[in-house]
There are 2 protein chains.
Amino acid sequence: MAIEKLNQIEVDGWECRKLPPQLTRRFDFGSYSQTRSFLDDLADLSEAIGNYPNLHFAKEFVTVTISAADDGPLQESEVEFATQVNDLAAKYS
Amino acid sequence: MAIEKLNQIEVDGWECRKLPPQLTRRFDFGSYSQTRSFLDDLADLSEAIGNYPNLHFAKEFVTVTISAADDGPLQESEVEFATQVNDLAAKYS
């Protein structure tokens, strides 16, 4: 189901951008090994559901940016993906 | 040895920026598994030498940005690191 009105979208901790429609969030970690472990978990999730978000990271942070498919409106699946990423990160907080 | 004059720096395939002093290069891959494998090799190298570059990636590209330590001039060690990253990527071309 496409989420027509972007301002309806709220995912805990994520910023919802409009042009282009994206969900973005920065995750901070206590060590590089935690960053690596989170990235591994996220890579497994990406391969499992076929969604490859834009990732920007260095030693102890990862910024995840989920874009709408084909620059359309954000879908329920993308909101679900953001929630799943929150669950992965919760292991480290 | 600090490399005072940035325009002396040339590393095959890398762009040398001045403010702040950085070396940056985009690497493209044929599959997500190659991207993951390159990122794993790079993470091992980062941990081995204690240099954690800024990485931006998605399914089939990785952009690596190596910054000078403490915003000083680029050092020989950073140029060497960029060369080592080239060697890692050569496995996939």
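Residues numbered from 1 in each chain as written. Chains lettered and ligands numbered in written order. Predicted model: local features only at pLDDT ≥ 70, side-chain atom pairs only at ≥ 80, totals over all residues. Heavy atoms only, no water.

To continue, consider the sheet that holds strand 2 (residues 22-28) of chain B. With antiparallel pairing, eight strands are arranged side by side in an open sheet as 1(A)-2(A)-4(A)-3(A)-3(B)-4(B)-2(B)-1(B). Since the sheet does not close on itself, it has two edges, and those belong to strand 1 (15-17) of chain A together with strand 1 (15-17) of chain B, each with one partner. Pairs of neighbouring strands in the sheet enclose a mean axial angle of 15°, with direction left out of account. Packing of helix 2 (residues 76-90) of chain A onto the sheet brings it into contact with strand 2 (22-28) and strand 4 (61-67) of chain A, and relative to strand 2 of chain A it is tilted by some 5°. Packing of helix 2 (residues 76-90) of chain B onto the sheet brings it into contact with strand 2 and strand 4 (61-67) of chain B, and relative to strand 2 of chain B it is tilted by some 5°. (Pairing = 2+ DSSP bridges. Helix = DSSP H or I, 4+ residues; strand = E, 2+ residues; numbered from the N terminus. Axes fitted to C-alpha atoms, helices over the stretch in contact; angles between N-to-C directions. Contact = heavy atoms within 4.5 Å.)

Attention now goes to the relation of the copies chain B and chain A. It takes a turn of 180° to lay chain B on chain A, together with a shift of 0.0 Å along the axis; the resulting RMSD is 0.0 Å. What the rotation and shift describe, once combined, is the action of a two-fold rotation axis. Across chain B, the rotation axis passes nearest the C-alpha of B:His56, at a separation of 2.1 Å. Mapped onto chain A, 100% of the interface residues of chain B again fall at the interface, so both copies present the same surface. (Least-squares fit on C-alpha atoms with pLDDT ≥ 70 in both.)

Further remarks concern the confidence of the model for chain A. Residues with a pLDDT of 70 or more make up 92% of chain A, whose mean pLDDT is 90. Strand 1 of chain A is the least confidently modelled element of chain A, averaging 91 in pLDDT, while strand 3 (residues 54-57) of chain A averages 98, the highest of any element. (pLDDT = per-residue confidence, 0-100.)

Right, let's talk about the packing of helix 1 (residues 32-49) of chain A against helix 2 of chain A for a bit. Residue and element names in this part refer to chain A. Interaxial distance between helix 1 and helix 2 falls to 10 Å at its minimum, and their mutual angle equals 150°. In this view, helix 1 runs roughly antiparallel relative to helix 2, as classed from their interaxial angle. Seen along the crossing, helix 1 lies across helix 2 with a hand that is right-handed. Of the residues in helix 2, those touching helix 1 at Phe 38, Asp 41, Leu 42, Leu 45, Ser 46 and Ile 49 are Phe 81, Gln 84, Val 85, Leu 88 and Ala 89. In terms of residue class, the contact of helix 1 with helix 2 is built from eight nonpolar, two polar and one charged. (Parallel < 35°, antiparallel > 145°, perpendicular 65-115°, else oblique. Left-handed = near helix turned anticlockwise from the far one by under 90°. Nonpolar A, V, L, I, M, F, W, Y, C, P; charged D, E, K, R; others polar.)

That bond from A:Leu19 to A:Pro20 is cis: its omega, 0°, falls within 30 degrees of zero. Relative to the elements of secondary structure, A:Pro20 occurs in the loop between strand 1 and strand 2.

Right, let's talk about helix 2 of chain B for a bit. Side chains that are three or four residues apart share a direction in an α-helix, a result of its 3.6 residues per turn. Residue and element names in this part refer to chain B. Taking 1.5 Å of rise per residue, the 15 residues of helix 2 would be expected to cover 21 Å, and the 21 Å separating its terminal C-alpha atoms lies within 8% of that figure. Taken together, the buried positions of helix 2 are Glu 78, Val 79, Phe 81, Ala 82, Val 85, Asn 86, Leu 88 and Ala 89. Of the surrounding secondary structure, the elements contacted by the buried residues of helix 2 are strand 2, helix 1 (32-49) and strand 4. (Expected span 1.5 Å × (residues − 1). Buried < 20%, exposed > 50% of the residue type's maximum accessible area, 1.4 Å probe, protein only.)

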